[in-house]
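Summary of the model geometry
Each chain is listed here by its residues.
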Amino acid sequence: LLHSQRTPVKALTAWTALSRGSSTRRRQMPAGAMGAHMASLTRASSLVVNTSPRKVTSAAAALGAARPMPTSPASSASLPSTRGAKTKVRASEASAASPSFTFFTGDIGGTNARMQVWSVAAGVETLVFENTYGTADHPTFESVVRDVYTDSGVTSETAVTAACFAVAGKVDDDRCSMTNLSWVIDGPELQKAFGIASVKVINDFAAVGYGVLALGPEEVVTLNAGAKDTQGPIAVLGPGTGLGEAMLFYNQQGGEYDVIPSEGSHADFAPRGETQRALLAYCEATLDGECEVEQVCCGSGIVRIYDFLKTHRGAEAAPALDPAGVTDAALDGTCDLCREAVDIFLAILGAEAANLALKCLSSGGVYIAGGIPPRLMTIIGSGGVLLDAFLHRQCRFAGVRAAFPLHIILDDKIGLAGAKVFAMRQL
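Read on for an overview of the structure. (Residues numbered from 1 in each chain as written. Predicted model: local features only at pLDDT ≥ 70, side-chain atom pairs only at ≥ 80, totals over all residues. Heavy atoms only, no water.)

A closer look at the sheet that holds strand β14 (residues 406-409)
Test applied: A pair of strands is considered paired only if DSSP assigns at least 2 bridges between the two. In DSSP terms, a helix is any run of H or I states spanning at least four residues, a strand is any run of E spanning at least two, and both are numbered starting from the N terminus. In this analysis, axes come from line fits to C-alpha atoms, helices being fitted only over the stretch in contact, and the angle between any two N-to-C directions falls in the range 0 to 180 degrees. Two residues form a contact once any of their heavy atoms are found within 4.5 Å.
The strand order across the open sheet formed by six strands is β9-β14-β13-β10-β11-β12, and the pairing between neighbours is mixed. Taken across any chain shown, the strands that pair with only one partner, and hence form the sheet edges, are β9 (220-224) and β12 (256-262). Strand-to-strand, the axes of this sheet are offset by a mean angle of 25 degrees, without reference to chain direction. Where strand β13 (residues 365-368) meets β14, three bridges bridge the pair, whose relative direction is parallel. Each bridged residue has a counterpart across the sheet, and for Tyr-367 the counterpart in β14 is His-407. Running at roughly 130 degrees to strand β10 (residues 234-239), helix α4 (residues 204-212) makes contact with β10, β11 (243-251), β12, β13 and β14 of the sheet.

Here it is as structure tokens:
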């Protein structure tokens with residue numbers, strides 16, 4: 001099922017600089033987005049960034065704190081990032097002027113809730129407060145929000161215009177019952193309880209989709225430049241605990257991108273070569289006859305590949321390892337089996353990135369997020385097996401694949417960045 005979240009924003013006229021699940025009501029892909037998708041098939045151009053400052057009107061392009069806001073998705077210019085601020089940051093003395101808007105953002109997982117308070121004044125965005133709260137220390141999400149008010153110095157008299165919270169779980173109508181917590185995050189109830197004008201709850205990987213719109217050039221590593229289209233479809237995927245996937249389509253009517261979440265990671269694993277075919281047989285034998293691509297392309301998937309290789313290579317005496325153990329040994333060169341497991345994982349990731357790109361013709365780029373790829377950059381290097389699998393030069397559509405830009409996202413706060421993009425659409 002396709003779901004999306006979008007509030008039309010007149011002032012957001014270009015790129016506002018990208019798991020699973022839905023955050024609001026179901027709907028068909030907007031006609032404007034479909035039109036842009038089809039038009040993009042005949043369009044190929046280079047990206048040019050306008051780094052001149054402009055003021056926020058009704059909704060600003062959501063980029064980093066107190067910096068000019070570009071009107072296109074990527075740049076060769078250096079744009080400073082402020083999303084890597086240290087935990088518990090206060091900037092209440094940064095400006096004597098009262099903010100025109102105040103809004104909250106959050107990225108809520110099973111262990112931590114990362115929270116931020118932003119202000120927008122005179123067209124400038126300022127990070128007012130940031131802190132990470134342990135979920136075990138809070139019986140409800142409402143208690144976290146109360147702490148944000150208290151710790152940030154935002155008083156009840158301060159009008160909070162909007163909030164967006166990205167959550168790990170299935171979202172329906174701005175409400176999520178979290179999988180690994182007893183928390184229920186309910187947007188309408190939070191609006192009533194705290195007097196916030198608009199509270200949106202979105203899936204955490206949908207937030208990654210929106211976060212791609214806020215990336216600066218220093219926050220990605222480009223493995224394949226391709227032929228980028230400034231309004232072309234965008235594909236995003238990210239291996240972590242699971243494998244998230246999403247697509248973005250430009251909506252000509254709204255002048256912005258819509259995020260379309262996907263459950264593509266639950267499609268069948270399509271192996272390449274003898275070793276991967278043996279891996280598929282191993283998985284089918286140990287996973288009740290099935291093997292989704294997610295099951296060999298996430299943290300536990302790395303372990304599954306390693307365990308398969310122990311049997312396949314006659315190395316049953318090799319120690320049992322968790323995902324970090326496999327990647328550590330691969331990175332430091334102490335275990336050939338671990339390195340082979342990581343290489344297979346990266347090849348599967350590259351192939352799946354290309355599969356997703358082909359399905360939406362992502363001339364706007366393919367972005368790989370998640371916590372695992374940045375950790376493996378010394379192995380990935382300038383592309384390695386991941387890029388080889390993505391390009392698949394011997395296939396019939398090698399030329400089409402080569403035109404898709406491919407990037408690794410380095411920013412570990414991409415979910416917060418996406419929540420910020422979506423919150424600003426509510427202003």
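Section: the pairing of strand β8 (residues 198-203)
For a regular strand, side-chain orientation follows a simple rule: the groups alternate between the two sheet faces. Note the threshold: Partly exposed residues are those whose accessible area sits between 20% and 50% of the maximum for their type, while under 20% is buried and over 50% is exposed, using a 1.4 Å probe and protein chains only.
Here β8 lies mainly inside the structure; six of its six residues are buried. A two-sided burial pattern is seen for β8, the buried positions comprising Ser-198, Lys-200 and Ile-202 on one face and Val-199, Val-201 and Asn-203 on the other. The sheet contact formed by strand β5 (residues 162-167) and β8 spans six bridges and is parallel. By the bridge assignment, Val-167 is partnered in β8 with Asn-203.

A look at helix α3 (residues 187-194)
Three- or four-residue spacings in an α-helix give side chains the same orientation, since the helix completes a turn every 3.6 residues. Let me state the cut-off plainly: Relevant arc is that of directions from the helix axis to the C-beta atoms, nothing else. Polar contact criterion, stated in full: a pair of N or O atoms within 3.5 Å, where within protein one must be able to donate a hydrogen and the other to accept it, and residues adjacent in sequence count only if both atoms are side-chain atoms.
Of all the positions in α3, only Gly-187, Leu-190 and Phe-194 are classed as buried. Looking straight down α3, one finds that the buried residues subtend no more than 60 degrees of arc, so they occupy a single side. Buried residues along α3 sit against α2 (141-152), β5, β7 (184-186) and β8. Between the side-chain oxygen at the start of α3 and the backbone nitrogen of Glu-189 there is a gap of 3.2 Å, and the oxygen is on Asp-186. In the stretch just after α3, Gly-195 is the one whose phi turns positive, near 65 degrees.

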